[in-house]
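Residues per chain, in single letters:
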Amino acid sequence: MSTLIQAPVKRNRRWHFAFLAIYCSRALLSLVVNKATKKKVNGRSVSYVALHIAPDAGHFGIDQTSLSQLVKEENVQKLEDYGGVKGVVAALRSDVKKGIRGDDEDIFNRKKSFGSNIYEKPYTKSFFRFQLEAMKDPLVILLILCAALSLGFGIKKNGLKGGWINGGSIFLTISLVTTACSASNCWANRQFNMLSNSNHNVGVNVVRNGWCQKIPIDDLLVGEVVSLRTGGKVPADGLLLEENCSLQVDKSNLVDCTDQVNLASTHNRFLHSGSMVIKGSARMLVTAVGMNTTWAEILTKKWKDSQKSTPLQTQLNKMAAVIGKVGLEEERNFWGKPKFGVISDIVGIIATSVAIASGAFVDGLPLAVAIMLAYSMKSIINNHAFVRNRSACEAIASANTIVTKLDQMTVVKIWLGQEFIEQEASSLVVPAVIELLQQAIGLSISQSPSKGSSFFWAPTEKAIISWATQEIRMDVKEVKNGCNILYTEAFDQMKRYGWLCTNMKSDNTMHIHLKGTSKAVLSRCSHYYDTAGRVIKIDHIAREKMKQAIQAMESDELRCVAFAHKQIYAEPPYECGVFQEPFKEKIMILLGFVGVKDPCKPGFRKAVEEFQQAGVNIKIVTRDSTSTARAIATECGILRPDQNIEGEVVEGLGFQNYTHEEKMTRVDKIRVMARATAHQRLLMVEYLQKKDHVVAVVGDASEDSAALRKADVGISMGSQATDAAKESSDIVIPNDDFISVVHVLKWGRTMFNHLQTFTQFQITVSITSLVIDLVTAVSAQKPPSINIVATISSGEIPFAALQLLWVKLVMGTLAALALTLGQPAKKFMRRPVKKDFLITNIMWRNILSQSMYHIAVLLILQFRGKAIFGVDDQVKDTLIFNTFVLCQIFNKFNARELKKNNIFKRIHRSKLFVSIVGLVIVLQVVMVEFLKRFAGTERLNWVQWDASIVLAAISWPLACCVKLIPVPNKPFLSYLK
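The present account deals with the structure reproduced in this document. (Residues numbered from 1 in each chain as written. Predicted model: local features only at pLDDT ≥ 70, side-chain atom pairs only at ≥ 80, totals over all residues. Heavy atoms only, no water.)

Here we look at the environment of Y658
Using the following cut-off: Strands are runs of DSSP state E lasting at least two residues, helices are runs of H or I lasting at least four, and both sets are numbered from the N terminus onward. A 1.4 Å probe rolled over the protein chains alone gives each residue an accessible area, and that area as a share of the maximum for its type sets the label: buried under 20%, exposed over 50%, partly exposed in between. Whether two residues are in contact is decided by their heavy atoms: any pair within 4.5 Å suffices.
For Y658, the location among the structural elements is in the loop between α22 (652-657) and α23 (660-666). Classification of Y658 by relative accessible area gives buried; the value is 18%. Y658 has contacts with V650, K663 and R666, leaving out every residue within four places of it along the chain.

This is the structure in structure tokens:
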């Protein structure tokens, strides 16, 4: 009995089991009785109350299913049934102030009952899966069918010894081609998977056993008490612990539209993982982690979406399909509906179909995009940036406008009393005023610093903290330990200030601290402290002098931040879930102003120059006054000192009040938007996009999230970037150097240029192959013979099946590797990229000229080759095949430069290109000279080899001459419409 008294938990378990036994017995008896009387049981008996006994609750008073449904459904009534938030805290054996115990046993039990904060990752495709997908290609299926029939009829006709060669060589070549394509796709996919997992090292501030500590987000458990702050991410599903807090969260990551919820005004206590804290700070109780959270459902969908093609891949897939359909349609029109009685004729028809379609399909383009995206993403990460959305690598190449702000700041001026003081002269100020300044600065910090952890302060706040720590010896931890914060309201963009109410532990007095812009705070003050600590009334003369000081700071390009203080003797009024401001009248006492400079570092000015040379416009959107913003923009090179700024420097409110027509007319000209809010910045981005600009937005604060999401490319930048900004961006740059954005743009344009060179090359090959196949097939006037591997006689398809697959490999995988992988160069930065214009008029000029030359040469060889060289059909077909491949090898060099004639410039740096070209040449020699039986070729003499090389090399001087021909600005395809 004493044991039961000392262990109430065990006693409760026995009562629990007793109740469960009675419940099960009555349920079983009811079922037996109903079965005997053949009555259907429709529900539970009304003679007792049914309770939900959670089978997996374990050591806790509530199970995971109930917790998950409680938050996901935001069921207020169910929360009240559990006894409110305090009831859930008790059921989870946690404590509002101390958190969970956090010992090994407690952690084990919580993981066992509620799981870990780990998300199940999608299955990674294996090489075998890519091989199967490659085998599903329509052309590959046709070739396999063709090879199987050829193998069967070949063995029947010529016996096993010689009959297997034709079909067997096709099978061998199919396996080589599909293996090469599968290996490339598998490598690209694994690069994407590796890079997507490279930025999950996030810490969370929790309370365990009464101690504040930072733990990895993966170690977060149900029942934890977590500290939330402005700019942070809600790490799990949970319940808000404080009622008297001003917390605003953004749920746009969870829903399609922007949904910002003020939890204080709505009395909403439910928090969902994936939401971003836009304003305020508070504590939450974790109720679900990992795959049991709301974010898990969103993440699963995102993982599925990440497997989809990017916009450029989709565009190229459509192009490949359209060109392929042209080839198949032409082949169908030529053959009509054949009615052959001999199966061997059908095999020949299939061979011709494959030949024509192989020339038409440009399936190497999507493969090239996949390879380039993976390579570019990895290279960008090597340059200290993280790519969260791979389509951003495409979009950044087309960016012609960048909207940003400058946030690297230092304190350079201090105003106390009625004068500016030197930074080193703070010892002349009485300790009482210094202590109030320490409280005003230290208590308004969103997080306290600790060893081994980093906190994301806003740039202005960071500069002030640095000054206060060094000059007035502020200790944030000591300041916060000396008082209890009763209420805090974060900086409000409309009011231009934030405030907090504290209770001092030393004398139990209450104080109000106000921090904000100088004009907003000064308008709330009736007195000020002088350096001796005296409280002096602000008369008209003193107020005018302060206004002049503010104006002087602004003219010196400084951001002016003010601090004020007031001791109160009663708590502020509490209405509608929030404390009401007690200083609507001028009751505050001014502590002083701090002037923060936003210097333009040399790196920023250099980046601006490079962007301007690349044809990219830089627009600054800032909270600063017009004069400050203009001075900074001039210093950074965005504006010239003697420039007429009419229409180029505007205020955010002025732009917002423009009519729709005025916004559309003036948005292009604007270079600087001063005194702008986050909404006005978003408005600017929207109107730039309406004018067909490709906009990249650079931001680091929570308020930048909407603009980062709306932009074509969102870039969060800086070591102080908030989680909200990172989650809303496509590219994350962890450093503060603006030149990193230049590197990202350079990689994007390099990738786009490489894709253009490969596209020009492959379309040239496809057009040439398609026309040759169609012309020779039409001139044949009979279906091809059964021997689809041997070269086909005059008037039939000139390429054998193995040769077609070799051409497919040369112009596909190997060409993609040779032409798409390379380091960025400055020349690409000076080539503006137009959105949705992959193939330019210059490319069409090069494609058509080279295609026409190749077609002319190959048709001459096809119909006059025997007479010119005095050879038989087999040698002639080998000569055609050899010349065709060599033409494409020489054309690879032409593709390296779309405009200029020096196609060999810096070729010694393109080691991969040279290696692949060398490999193709060696394999071509082997195929022509040594693979007669497999490839259907005949050995060529030196004269024939020289003829092939000379005919192919003529494409070099031809390309130089063609590049002198001017092209119109109007897109070539628009003439066809």
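Regarding the nonpolar core
Generally speaking, a soluble globular protein has its nonpolar side chains buried in company with each other. Formally: Throughout this description, the term nonpolar core refers to a set of buried Ala, Val, Leu, Ile, Met, Phe, Trp, Tyr and Cys residues connected via side-chain atoms within 4.5 Å.
Grouped together as the largest cluster of nonpolar side chains are 41 residues, with contacts concentrated most on F881, V885 and F913. When residues of this core are traced back to their parent elements, those giving at least two are α27 (739-780), α28 (801-820), α30 (841-869), α31 (873-895), α32 (911-930) and α34 (942-953). Apart from residues no more than four positions distant in its own chain, F913 is found in contact with A818, L819, K892, F893, R896 and I907.

Focus: α31
Which entries qualify depends on this criterion: Given a helix with a known number of residues, its expected span is that number minus one, times 1.5 Å.
The end-to-end C-alpha separation of α31 is 33 Å, in line with the 33 Å expected for 23 residues at 1.5 Å each. The buried fraction of α31 is high, at 21 of 23 residues.

Focus: the side chain of R543
Rules: All tallies of charge rest on Lys and Arg as positive and Asp and Glu as negative; His and the ends of each chain are not included. By convention in these notes, a salt bridge is any Lys or Arg side-chain nitrogen within 4 Å of a carboxyl oxygen on Asp or Glu.
Tracing the sequence through the fold places R543 in helix α19 (residues 540-555). For R543, which is buried and forms no salt bridge, the nearest opposite charge comes from E544, at a distance of 7.2 Å. Beyond its immediate sequence surroundings of up to four residues, R543 is in contact with L522, C525, S526, I538 and K586.

Overview of the pattern of salt bridges
Counting across every chain of the model gives 13 salt bridges. Between R110 and D106 there is a salt bridge whose closest N-O contact spans 3.0 Å. Remark: D106 and R110 occur in helix α6 (residues 104-114); sequence separation between them is 4 residues, near one turn of the helix. The exposure class of R110 is buried, given its relative accessible area of 1%.

Some remarks on a positive patch on the surface
Operational definition: Surface patches are defined over residues having more than 30% relative accessible area and no salt bridge, joining like charges when they lie within 9 Å and nonpolar side chains (Val, Leu, Ile, Met, Phe, Trp, Tyr) when within 5 Å. Throughout, the Shrake-Rupley method with a 1.4 Å probe supplies accessible areas, and for residues the shown protein chains are the sole cover considered. By convention, the charge on Lys lies at NZ, on Arg at CZ, on Asp at CG and on Glu at CD.
A contiguous patch of positive charge on the surface is contributed by K606, K826, R830, K900, K905, R906 and R909. Structurally, the position occupied by K905 is in the loop between α31 and α32. Overall, the relative accessible area of 45% leaves K905 in the partly exposed class.

Topic: the pairing of strand β2 (residues 211-216)
Looking along a regular strand, one sees side chains alternate from face to face of the sheet. Note the following rule: At least two DSSP bridges between two strands are required for those strands to pair.
Pairing between strand β1 (residues 203-208) and β2: 6 bridges, direction antiparallel. Paired with N205 across the bridge in β2 is K214.

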